[in-house]
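Geometric and topological summary
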Amino acid sequence: MITMDDIIREGHPTLREVAKEVSLPPTEEDKKILNSLLDYVKNSQDPDTSKKYGLRPGIGLAAPQINVSKRMLAVHVKDNKGKLYSYALFNPKIISHSVETAYLTSGEGCLSVDRAVPGYVPRFSRITVKGWNVDGEEIKIRLRGIASIAFQHEIDHLNGIMFYDHIDQENPLQPIEGAVPID
Ligand SMILES: O=C(O)C[C@@H](Cc1ccccc1)[C@H](O)SCc1ccccc1
Ligand code: NI
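Note that the structure is predicted; figures quoted are calculated from it, not measured.

1. Re the pairing of strand S3 (residues 84–97)
- As judged from the 7 bridges shared by strand S2 (residues 72–78) and S3, these two strands associate in the antiparallel manner. Across the sheet, Met72 pairs through a bridge with Phe90, a residue of S3.
- Hairpin connection of S2 to S3: 5 residues between the antiparallel strands, including Gly82 at a positive phi of 85°.

2. Quick word on the coordination of the nickel ion (ligand 2)
- At 2.1 to 2.3 Å from the nickel ion (ligand 2) lie its protein donor atoms, namely Cys110 (SG), His153 (NE2) and His157 (NE2).
- Coordination of the nickel ion (ligand 2) draws on donor residues from a single chain, spaced C-x42-H-x3-H in sequence. Taken together, the positions of Cys110 in the loop between strand S4 (101–104) and strand S5 (123–124) and His153 in helix H3 (residues 145–158) put the pair 43 residues apart, joining distant regions of the chain. The same class applies to Cys110 and to His153, which are both buried.

3. What to know about the packing of aromatic side chains
- In total, this model carries 3 aromatic pairs according to the counting rule given.
- Arranged with centres 4.7 Å apart and planes meeting at 45°, the rings of Tyr103 and Tyr120 form a pair that is tilted. Taken together, the residues Tyr103 in strand S4 and Tyr120 in the loop between S4 and S5 connect sequence positions 17 residues apart.
- Judged by centre distance (5.3 Å) and plane angle (65°), the ring pair of Phe163 and Tyr164 falls under edge-to-face. Taken as a pair, Phe163 and Tyr164 share a single burial class, namely buried.
- Geometry around Tyr85 places Lys83 over its ring, the cationic atom sitting 5.0 Å from the centre.
- Over the aromatic face of Tyr164 sits the side chain of Arg115, whose NZ or CZ is 5.1 Å from the ring centroid.

4. Considering the side chain of Ser50
- On the secondary structure map, Ser50 appears in helix H2 (residues 47–53).
- A distance of 3.2 Å separates a polar atom in the side chain of Ser50 from the backbone oxygen of Pro47.
- Residue contacts for Ser50: discarding those within four places in its chain leaves Asn43, Ser44 and Leu55.

5. Re unusual backbone geometry
- Looking along the chain, the bond that leaves Leu24 and enters Pro25 is cis, with omega of 0°.
- For Pro25, the position within the fold is in the segment before helix H1 (28–44).
- Of note, Asn67 is a non-glycine position whose phi angle comes to about 65°, a positive value.
- Owing to a relative accessible area of 41%, Asn67 belongs among the partly exposed residues under this scheme.
- Positive phi, close to 45°, is recorded for Asn91, a residue that is not glycine.
- Using a relative accessible area of 5% as the deciding quantity, one classes Asn91 as buried.

6. Some thoughts on the side chain of Asp79
- Here Asp79 shows up in the loop between S2 and S3.
- In this structure, Asp79 is buried with no salt-bridge partner, the nearest side chain bearing the opposite charge being Lys81 at 6.2 Å.
- A distance of 2.8 Å separates the side chain of Asp79 from the backbone nitrogen of Lys83, its partner in a polar contact.
- Polar side-chain contacts of Asp79 include one of 3.5 Å to the side chain of Tyr85.
- The residues touching Asp79, leaving out its near neighbours within four places in the chain, are Tyr85 and Ile146.

7. Quick word on the site of ligand 1
- Near ligand 1 lie 14 residues; those nearest to it are Gly60, Gln65, Leu111, His153 and Glu154.
- In this structure, Gln65 approaches ligand 1 through a side-chain N or O atom, which is 3.0 Å from an oxygen atom.
- Residue His157 places a side-chain N or O atom 3.4 Å away from an oxygen atom belonging to ligand 1.
- Here ligand 1 has 480 Å² of accessible area as a free molecule, and 82% of this is covered by the chains.

Parameters and conventions
- Residues numbered from 1 in each chain as written.
- Chains lettered and ligands numbered in written order.
- Predicted model: local features only at pLDDT ≥ 70, side-chain atom pairs only at ≥ 80, totals over all residues.
- Heavy atoms only, no water.
- Pairing = 2+ DSSP bridges.
- Helix = DSSP H or I, 4+ residues; strand = E, 2+ residues; numbered from the N terminus.
- Donors = N, O, S within 2.8 Å, 3.2 Å for Na, K, Ca; no water.
- Buried < 20%, exposed > 50% of the residue type's maximum accessible area, 1.4 Å probe, protein only.
- Phe/Tyr/Trp six-rings, centres within 6.5 Å; stacked < 30°, edge-to-face > 60°.
- Lys NZ or Arg CZ within 6 Å of the ring centre and 35° of its normal.
- Polar contact = N/O pair within 3.5 Å; in protein donor to acceptor, adjacent residues only side chain to side chain.
- Contact = heavy atoms within 4.5 Å.
- Lys, Arg positive; Asp, Glu negative; His and termini not counted.
- Salt bridge = Lys/Arg side-chain N within 4 Å of Asp/Glu carboxyl O.
- Near = heavy atom within 4 Å.
- Areas by Shrake-Rupley, 256 points an atom, 1.4 Å probe, with all protein chains shown as cover.

Rendered as structure tokens:
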């Protein structure tokens, strides 16, 4: 299982690489890695397991964060209506997005960043993502709200982008004009 010891931290060069496409159909090894990403996110949200293994809670994780520079991610999060978004994808791609932008009023954090970085992170409000699941089947998902933000955060990791790259350092806590605040 993945623990915090497996998660690389800012400064590690892999976090700034553009990760490579996964060859499909996936190998057993790539399937194991993809499943382990989703297992981490679920484990990190379980009070007993996260306490027992010292896991920092997360709603997403990307393969580069465990020093695997391949295009794989997992997201496991409920929206404010209680709808669960639980996905583990190979080669995810944003195929369309809203013009409208949004941001978390709490700002963002990252399992690979051991410090608080205040500031609003502009994201697309809604996105449509295409990817391949662990069985190599193509799936297409429309996302909004926290799930949309989480996918964008994780897809950034596949492109060597950290959340704070998006923050306006001159006015980090200036509400983003025209963007929808998400509490
Ligand atoms: O480091 C990661 O990729 C996991 C991130 C994912 C994430 C950060 C900000 C916004 C959306 C997703 C976080 O550690 S998950 C922690 C967290 C928990 C609840 C809400 C937002 C972030
Ligand atoms: Ni992150």
